[in-house]
Amino acid sequence: LSSVQNVSDNVTTKAQVDTEVFDTDNAYDNSTNYRFTPGVAGYYLIQAQTQCNAADAHFVLNEIRKNGGGSGLNYATAFDTRNDGSSGGAYSAAANQTRVIYLDTDDYVECYGAVVSASTCQFAGHDSYVGFNCYMLGIKIG
């Protein structure tokens, strides 16, 4: 993300990842649908992360959705910062995952996330944060 993205508390939202480092096949739409459509069938290594921008976040979710999601098409991981079931952690938590997913020429994948926080609900983004914030990576492996 080129900047933080405000989201509603505990609502799964598409990450509007609008910055590309490289995209030699023009397979990622970084301005409208924020999705990766390979154009070439095969197995793809898909990596995604959702980082929140709140020190008091209780829970962060990351989902990779294939063709909009649905039964058998959502790949999810979550990070729960609560030690005792009630209080948030002391840092901006992130949930990330790496999957090998078969994609046809017109299949697509999108990155979704959710944050549960007592205050700020944002996906982290922009260059002032260390490391990756919200991102999605797709590489053809077979």
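All values derive from a computational prediction rather than experimental measurement.

Caption draft 1: Looking closely at the overall build of the protein. For the protein, the count of helices and strands is 0 helices and 11 strands. Put simply, the protein runs from its N terminus to its C terminus through helices and strands in the order β-β-β-β-β-β-β-β-β-β-β. Within the protein, buried positions represent 41% of all 142 residues. Here the analysis covers contacts within the protein between residues at least 6 apart in sequence; of these, 72% occur between residues at least 24 apart. With an accessible surface of roughly 7200 Å², the protein has 47% of that area assigned to carbon and sulfur atoms.

Caption draft 2: Region of interest: the nonpolar core. Grouped together as the largest cluster of nonpolar side chains are 26 residues, with contacts concentrated most on F36, I46, L103, V109, V115 and M136. Those elements that provide at least two residues to this core are β5 (42–51), β6 (57–66), β8 (94–103) and β9 (109–117). The contacts of V109, once residues within four sequence positions are left out, are R35, F36, I46, I64, R65, K66, L103 and M136.

Caption draft 3: Layout of the environment of V11. By secondary structure assignment, the location of V11 is in the loop between β1 (5–6) and β2 (13–14). What makes V11 partly exposed here is its relative accessible area of 38%. In this structure V11 touches G113 and A114, once residues within four positions along its chain are discounted.

Caption draft 4: Structural detail: the side chain of T13. Positionally, T13 belongs in strand β2. A distance of 3.0 Å separates a polar atom in the side chain of T13 from the backbone oxygen of V11. In this view, T13 contacts Q5, V7, C111, Y112, G113 and F123; residues no more than four positions away in its chain are not counted.

Caption draft 5: Fine view of a nonpolar patch on the surface. A grouping of Y43, V100, Y102, L137, I139 and I141 is seen on the molecular surface, where their side chains present a nonpolar patch of about 540 Å² in accessible area. Here I141 shows up in the segment after β11 (135–140).

Caption draft 6: Main features of the packing of aromatic side chains. In the structure shown here, the tally under the stated rule is 2 aromatic pairs. Where Y43 meets Y102, the ring centres are 5.1 Å apart and the plane angle is 70 degrees; that geometry is what we call edge-to-face. Here the residue Y43 occupies a position in strand β5, and Y102 occupies one in strand β8, the gap between them amounting to 59 residues. When the ring centre of Y108 is taken as origin, the NZ or CZ atom of R35, which lies over that ring, is 3.7 Å away. Between R65 and the ring centre of Y112, over which it is positioned, the NZ or CZ distance is 3.8 Å.

Caption draft 7: Quick look at the pattern of salt bridges. Using the criterion set out here, one finds 4 salt bridges in the structure. Of the charged contacts in the structure, one is a salt bridge between R35 and E110, with a shortest N-O distance of 3.1 Å. You can see R35 sitting in strand β4 (residues 35–36) and its partner E110 sitting in strand β9, a full 75 residues away along the chain. Across the pair K66 and D107 runs a salt bridge whose closest N-O atoms are separated by 3.9 Å. One end of the pair, K66, is in strand β6; the other, D107, is in the loop between β8 and β9, with 41 residues separating them in the sequence. You can call K66 buried: its relative accessible area is 13%. Through salt bridges that share partners, K14, R35 and E110 make up one connected network.

What counts and how
- Residues numbered from 1 in each chain as written.
- Predicted model: local features only at pLDDT ≥ 70, side-chain atom pairs only at ≥ 80, totals over all residues.
- Heavy atoms only, no water.
- Helix = DSSP H or I, 4+ residues; strand = E, 2+ residues; numbered from the N terminus.
- Buried < 20%, exposed > 50% of the residue type's maximum accessible area, 1.4 Å probe, protein only.
- Contact = heavy atoms within 4.5 Å.
- Areas by Shrake-Rupley, 256 points an atom, 1.4 Å probe, with all protein chains shown as cover.
- Core = buried A, V, L, I, M, F, W, Y, C linked by side-chain atoms within 4.5 Å.
- Polar contact = N/O pair within 3.5 Å; in protein donor to acceptor, adjacent residues only side chain to side chain.
- Patch = residues over 30% accessible without salt bridge, like charges linked within 9 Å, V, L, I, M, F, W, Y side chains within 5 Å.
- Salt bridge = Lys/Arg side-chain N within 4 Å of Asp/Glu carboxyl O.
- Phe/Tyr/Trp six-rings, centres within 6.5 Å; stacked < 30°, edge-to-face > 60°.
- Lys NZ or Arg CZ within 6 Å of the ring centre and 35° of its normal.

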